[in-house]
Structure formats: structure tokens, C-alpha cells
Amino acid sequence: MDFERHFEIIKRNTIDLITEEDLKKRLKSKKTLRVKLGVDPSRPDLHLGHAVVLKKLREFQNLGHQVVLIIGDFTARIGDPSGRSKTRPMLTKEEVEQNAESYKKQAFKILDPEKTEIRYNSEWLDKLSFYDIIKLSSNYTVARMLERDDFAKRLAKNEPISVSEFMYPLAQAYDSVMVKADIEIGGTDQLFNLLVGRKIQEAYGQEPQVVLTMPIIEGTDGNLKMSKSYDNYIAFEDEPFDMYGKVMSIPDSLILKYMRLATDIPEDTIKTYEEKMKNNSINPRDIKMLLAHEIVTFFHGKEKADYAQNEFIKVFQKKDIPDEINEIAVNSPIKAIDLVMATKSVSSKSEAKRLINQGAVKLNDIKINDPFQLLEIKGDEILRIGKRRFFKLNTN
Ligand code: TYR
């Protein structure tokens with residue numbers, strides 16, 4: 001593959017790429033690049049937000065590069081202060097180990113295990129002496145640390161920042177030194193940490209890593225970032241029907257973003273959907289169904305996705321029925337035409353007859369064809385007249 005195409009694939013959908021020049025230089029060297037992603041197994045479930053960076057890593061693998069997946073079993077115990085307004089509670093070693101196992105299993109739904117090197121950062125971080133740590137921290141100033149948004153905010157509000165939180169970005173940066181990362185990737189919330197990595201690698205005599213960030217996706221509420229804490233997430237391990245329904249619950253404004261960041265649908269196809277939605281030649285709901293089907297297929301296979309889609313359609317049709325519907329009591333059996341009259345929603349027998357003949361009257365979703373047909377009513381049946389009039393039947 002030519003260099004330009006290679007570069008274009010890597011750049012697609014990224015937010016920060018620091019620096020493009022460094023990346024080009026490294027790509028031109030034709031070396032197999034070591035692409036680092038660290039995850040703290042502080043929570044066991046992966047969700048679509050994680051899929052965004054994992055998919056980017058998969059692209060690197062497809063281009064022949066080496067992914068280094070760091071399981072932050074050490075860093076998880078400190079807790080990354082990124083985006084946090086409070087110090088996180090520290091986890092126990094056992095909690096971290098359990099979460100790490102399930103993390104790995106889920107990450108391999110996207111990553112190619114053959115091209116993934118897995119490293120636990122306790123391997124080196126546990127071994128540092130106090131002197132080593134002081135040496136490491138001498139390479140970064142307090143002023144630079146305080147420039148970081150979340151620290152700056154807390155400082156301004158006189159809220160506590162513990163010294164251990166300053167150590168977090170340094171620990172992450174030291175990981176980059178230990179695995180000799182050529183590139184480190186993360187969500188945009190990781191930008192500060194990733195840049196500290198560049199600085200520390202230089203201090204340890206290495207070329208600074210290229211920093212690549214991916215957008216954070218909003219959760220199903222369409223507003224807050226997808227996160228377990230906001231309960232707006234779609235997990236890798238959600239059941240097919242649940243997963244399908246959750247995707248269908250996102251606002252239309254997120255459809256294309258999810259397609260671009262969380263599926264392998266080619267950009268050209270996405271563009272045609274975009275056009276169709278712009279000129280209103282398609283119902284966004286239909287595009288959303290394609291998206292939901294695609295995502296469920298990825299995690300559970302086509303058969304289960306088909307099933308989830310069919311179930312969803314059934315429930316969706318049921319949803320057309322308003323929650324509050326009028327109940328009427330009738331004598332059973334009853335002639336169809338008298339049943340329609342009993343609803344008091346038509347003005348004459350001839351109108352009732354006409355509606356039945358037009359096929360506009362249904363009992364439990366089955367069309368009534370003959371106005372004089374005798375109907376057995378047991379109770380709880382739904383009578384539907386036209387699109388919008390519903391009645392629940394009881395017997396006298
Ligand atoms: N700080 C990252 C996060 O919270 C996780 C991480 C841990 C990244 C160690 C890199 C690393 O070396 O998402």
C-alpha cells in the first residue's frame with residue numbers, strides 16, 4: 001500500500017495527531033510500529049466508547065503494526081484523575097486482577113490476538129525504588145502539572161488534589177518508556193497524559209511517541225459521554241435484543257457519528273446515508289436500524305442480529321398502541337358491524353360497514369373482512385379502527 005493511503009487510514013476520524021510530521025517520518029521508515037494503548041481495569045465492562053480506540057488499533061494491526069496493550073493493574077490502583085473532580089478510591093489487587101481478565105477477553109472481540117502484546121504495568125512499576133520515582137518526577141514541573149484542566153479547576157475551588165494524583169501521568173509516561181512506544185492512542189480525555197509521555201521518553205533518551213486521540217462518543221441519552229457511571233452505555237456483553245434496542249434509542253443526530261466510529265461501514269456508504277437524510281429521502285429510523293443491525297452483528301453474529309431486529313419490529317408495532325386506551329364492554333358473540341358501532345366512534349352503520357369493507361378494522365391485528373361476521377369475544381382483545389383508534393374489549 002502506498003504511503004499516502006496508509007497515512008490517510010491512520011488519520012481518519014482522529015482529533016489530535018501530534019505531530020503529523022513525526023508520524024510520517026515513522027511510517028516512511030517502514031519499521032513495524034509499536035502502538036500503545038493502556039487501559040485501567042477499574043471497571044470490568046467494555047462499551048462502545050472503548051470500541052472507538054480499539055477499532056483504531058485494529059486498523060494499525062491490519063496495516064502490519066504491533067499493538068501493545070497495557071493492562072494498568074498498577075495504575076488502576078492509583079486511579080486516573082483525568083476528568084475527575086474527586087480523588088478516586090483505590091482498588092484492591094484482587095479486584096483489579098478479576099477485571100483485567102474480563103477486559104482482555106472483551107478486547108479480543110476487536111483486536112487480533114496474534115498482533116497484540118499484552119503487558120501488565122505492575123511488571124515494572126512495582127519494582128521502582130523511591131529513588132527511581134523521585135528521579136522520574138524530577139523531569140516534570142508542578143506548573144505544567146497544574147495546567148491540566150481538572151487540576152486547575154480543583155485548585156481554583158480549593159478542592160484537594162493528592163500528590164499521588166500527580167504521580168499518575170508520570171506512571172503512564174513511564175510505561176511508554178518501558179514498552180518503547182512509537183505511538184500512544186487514547187480518547188481526547190487522555191491528551192494531557194499522552195503528552196507527558198512524550199516529555200518523559202525524551203528525558204530517558206527515546207524519540208517522543210506520536211500522540212493520537214480519538215473522539216469520545218456520547219451515550220444513548222445523546223448528551224453525556226458514554227460511561228458506566230451515567231448508565232447510558234452499550235456494553236460489548238449486552239444481549240442482542242437489548243443491544244439493538246439501546247442503539248435504536250439514540251437520537252438521530254448521533255447515527256452518523258456511531259457509524260463512523262463504532263462500525264466498519266465504509267465511508268462512501270456512510271456518505272450516501274448522510275445525503276439521503278439531508279434531503280429527507282429516507283426515514284432516519286431506517287438508517288438507525290441498519291446501524292443497530294450492524295453493531296449487533298459485530299458482537300453476536302448475523303443470525304442473532306436478525307432475530308433481535310425482528311423482535312424489535314414486533315415490539316415497535318405494539319408501541320403504536322397508546323398506553324391509555326378506551327375499554328368497552330360488549331356481548332359475545334357479536335356481529336362485526338355492531339362491534340364497531342359499540343365503540344361509539346362512528347356515526348352510522350353504513351360508515352361502520354364501509355370501514356370494515358376497506359380493511360380498516362382489525363381484531364388483535366387481524367383484519368375483519370365481513371361486516372356480518374360473528375365474533376367471539378373473550379376479553380382483553382384489541383380492536384383497532386383505522387390508524388389511531390384503539391379499544392380494549394371486555395364482555396358484559
Ligand atoms: N490512563 C488511562 C485511562 O484511564 C489508562 C492507561 C494506563 C493508559 C496506563 C496508559 C497506561 O500506560 O484510560
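Residues numbered from 1 in each chain as written. Predicted model: local features only at pLDDT ≥ 70, side-chain atom pairs only at ≥ 80, totals over all residues. Heavy atoms only, no water.

As named in an unreviewed UniProt entry, the protein chain is Tyrosine--tRNA ligase, taken from Marinitoga hydrogenitolerans. A UniProt comment under Function (unreviewed entry) is attached to the protein chain, and it reads "Catalyzes the attachment of tyrosine to tRNA(Tyr) in a two-step reaction: tyrosine is first activated by ATP to form Tyr-AMP and then transferred to the acceptor end of tRNA(Tyr)." Recorded in UniProt for the protein chain, the comment headed Catalytic activity (unreviewed entry) runs: "tRNA(Tyr) + L-tyrosine + ATP = L-tyrosyl-tRNA(Tyr) + AMP + diphosphate + H(+)". (UniProt positions renumbered as here; feature names shortened; annotations may be inferred.)

Q: Go over the overall build of the protein chain, please, and point to the residues and values.
A: In terms of regular secondary structure, the protein chain is built from 18 helices and 13 strands. The C-alpha atoms of the protein chain give a radius of gyration of 29 Å, which is well past the 21 Å a tight globule of 396 residues would have. For the protein chain, the C-alpha atoms occupy an extent of roughly 95 × 50 × 35 Å along the three principal directions. Looking at the protein chain residue by residue over its 396 residues, the buried ones come to 45%. For the protein chain, restricting intrachain contacts to residue pairs at least 6 apart in sequence, the fraction spanning at least 24 positions comes to 71%. The protein chain carries 63 positive and 62 negative side-chain charges, and their two centres are separated by 3 Å. (Helix = DSSP H or I, 4+ residues; strand = E, 2+ residues; numbered from the N terminus. Rg over C-alpha atoms; globule rule 2.2 N^0.38 Å. Buried < 20%, exposed > 50% of the residue type's maximum accessible area, 1.4 Å probe, protein only. Contact = heavy atoms within 4.5 Å. Lys, Arg positive; Asp, Glu negative; His and termini not counted. Charge placed at Lys NZ, Arg CZ, Asp CG, Glu CD.)

Q: Go over helix α3 (residues 48–62) with me, naming the residues and quoting the values.
A: Within an α-helix, residues lying three or four positions from one another point in the same direction, as the helix has 3.6 residues per turn. Along its 15 residues, α3 runs 20 Å from first to last C-alpha, staying within 8% of the 21 Å computed at 1.5 Å per residue. Regarding α3, the residues found buried are Leu48, Ala51, Val52, Val53, Leu54, Lys55, Lys56, Leu57, Phe60 and Gln61. Gly64 sits one or two residues past α3 and shows a positive phi near 95 degrees. (Expected span 1.5 Å × (residues − 1).)

Q: An account of the sheet that holds strand β7 (residues 326–330) is needed here, citing residue identities and associated values.
A: Reading across from one edge, β7-β13-β12-β9-β10 is the order of the five strands in this open sheet, with mixed pairing throughout. Two strands in the sheet have a free side with no partner beyond their single neighbour: β7 and β10 (366–367). Sheet analysis places strand β9 (residues 361–363) next to strand β12 (residues 382–385), joined by three bridges and oriented antiparallel. Across the sheet, the residue bridging to Val361 is Ile385, located in β12. (Pairing = 2+ DSSP bridges.)

Q: Tell me what's going on with the pairing of strand β5 (residues 183–187), and back it up with residues and numbers.
A: With five of five residues buried, β5 lies mostly within the body of the structure. Sheet analysis places strand β2 (residues 34–39) next to β5, joined by two bridges and oriented parallel. Pairing of Val35 across the sheet is with Ile183, part of β5. Here β5 runs beside strand β6 (residues 210–214); their pairing, made up of five bridges, is parallel. Bridge pairing in β6 links Gly186 to Thr213. With helix α11 (residues 191–203) bridging β5 and its parallel neighbour β6, the resulting β-α-β unit is right-handed. (Right-handed = clockwise from strand over helix to strand, strands pointing away.)

Q: How would you explain the sheet that holds strand β3 (residues 66–71) if you had to name every residue and give the values?
A: Read across the sheet, six strands follow the order β1-β6-β5-β2-β3-β4 without closing on themselves; strand pairing throughout is mixed. Among the strands making up the open sheet, the edge pair consists of β1 (17–18) and β4 (116–120). Relative to β3, β2 runs parallel, the two sharing six bridges. Note on β3: the bridge partner recorded for Val35 is Val67.

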